[in-house]
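Next come the chains, spelled out residue by residue.
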Amino acid sequence: MVAGALRGVVALDGPSGTGKTTVARKLAQRLSAGYLDTGAMYRVVTLAVLRAGTDPADAGAVTEVARGAEFTIGTDPGRPSVALGGEDVSAEIRGADITHAVSPVSAVPQVRELLVARQRRIIDEVLAEVGGIVVEGRDIGTVVAPDAPLKVYLTASPEIRAARRSAQDTAAGRESSHADARASVDRRDRLDSSRAASPLRAAEDAVHLDTSELEIDQVLVALCELAGHRGLLDCAAEATR
């Protein structure tokens, strides 16, 4: 495998259940880079919306909650964290209520504008501090970081994605079944792909990588090789660590 410290931005996009979060974190750790889960930002805003008793379908009210939400998100891939008002909500934002409500919240253009601006600031800060960052989401290569030197769109069959989502929920202690997971995956795909603001789609210059039949380590090998081919790995920097 190509070794070295990442220099620049790797944008990982794709629907849920493709292994995006696990791969992004492991890749960032392996390449001594920062890590940003943009989906977690939409989830924590959704939690703020639900806690405020706001209807996720009320775009104006949702925008006001988003503007006032005080949250932080960690960029250390070894210790990712999400806090709302100083409270660790890393587990809570993965619950079924948030998963059900996050699509309408994230479809609000003003919410996306607010969070994209913040995501870009975080990327700039991490690049200045450590030199490289792996960013995952649904609009990274198309909107958040369109100039990223490496854009990858992860895919997998709906059945595989549903099985992975069900396994993740079960491992986290959340009730799940394959049928429920498949329905959730299909619903998220439909909503995220059809929204007017920053719909889920691959950037024109993104590399498509189907993870259906690949283990995590195989995906990491492919991504490291892509980063190496793009000249994004600073092996000299890694050797000094």
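Keep in mind it's a predicted model, so treat the numbers as computed, not measured.

Asker: Break down the sheet that holds strand β7 (residues 132–137) for me, with residues and values.
Answerer: Spatially, the 5 strands line up as an open sheet ordered β3-β7-β2-β8-β9, and their pairing is parallel. Two strands in the sheet have a free side with no partner beyond their single neighbour: β3 (34–37) and β9 (207–210). With strand direction ignored, the average angle separating the axes of adjacent strands in the sheet is 20°. Sheet topology note: the strand β2 (residues 8–13)/β7 ladder contains 6 bridges and is parallel. Among the inter-strand pairings, D13 is bridged to a residue of β7, identified as G137. Against the sheet, helix α1 (residues 20–30) contacts β2, β3, β7 and β8 (150–155), and its axis sits at roughly 180° relative to β7. Sitting on the sheet, helix α2 (residues 38–51) touches β3 and β7, and the angle it makes with β3 is about 45°.

Asker: So what's going on with the packing of aromatic side chains? Which residues, and what values?
Answerer: Scanning the model with the defined rule gives 0 aromatic pairs in all. In this structure, R118 is placed above the aromatic ring of F71, and the distance from its NZ or CZ to the ring centre is 4.0 Å.

Asker: Just give me the short version of the pattern of salt bridges, but keep the residues and values in it.
Answerer: Inspection of every chain in the model, using the stated rule, returns 8 salt bridges. Residue R94 pairs with D37 through a salt bridge whose shortest N-O separation is 2.8 Å. Of the two residues, R94 sits in the loop between β6 (87–88) and α4 (96–106) while D37 sits in strand β3, which places them 57 residues apart along the sequence. Of the charged contacts in the structure, one is a salt bridge between E87 and R51, with a shortest N-O distance of 3.0 Å. Separated by 36 residues along the polypeptide, E87 in strand β6 and R51 in helix α2 bring together distant segments of the chain. With a relative accessible area of 36%, E87 lands in the partly exposed category. Within the structure, one salt-bridge network assembled from shared partners comprises R51, E87 and E92.

Criteria and thresholds
- Residue numbering note: each chain is counted from 1, following its sequence as written.
- Restriction of local features to residues with pLDDT of at least 70 applies here, the model being predicted, together with a cutoff of 80 or more for giving and counting side-chain atom pairs; totals for whole chains, interfaces and linings are based on all residues.
- Derived side-chain values reflect all non-hydrogen atoms in the structure, with water molecules and hydrogen atoms excluded from consideration.
- Pairing between two strands requires that DSSP report at least two bridges joining them.
- Secondary structure elements follow DSSP: runs of H or I no shorter than four residues count as helices, runs of E no shorter than two count as strands, and numbering proceeds from the N terminus.
- What counts as an axis is a line fitted to C-alpha atoms, over the stretch in contact for a helix, and the angles between N-to-C directions run from 0 to 180 degrees.
- Throughout, a residue-residue contact means that at least one pair of heavy atoms, one from each residue, lies within 4.5 Å.
- Think of it this way: a Phe, Tyr or Trp ring, Trp meaning its six-membered ring, pairs with another when their centres are within 6.5 Å, and the plane angle makes it stacked under 30 degrees, edge-to-face over 60, tilted otherwise.
- When the NZ atom of lysine or the CZ atom of arginine is within 6 Å of a ring's centre and also within 35 degrees of its normal, the charge is said to sit over that ring.
- The working definition used for a salt bridge is a side-chain nitrogen of Lys or Arg within 4 Å of a carboxyl oxygen of Asp or Glu.
- For every residue, the accessible area (1.4 Å probe, protein chains only) is compared with the maximum for its type, and the residue is labelled buried under 20%, exposed over 50%, or partly exposed between those bounds.

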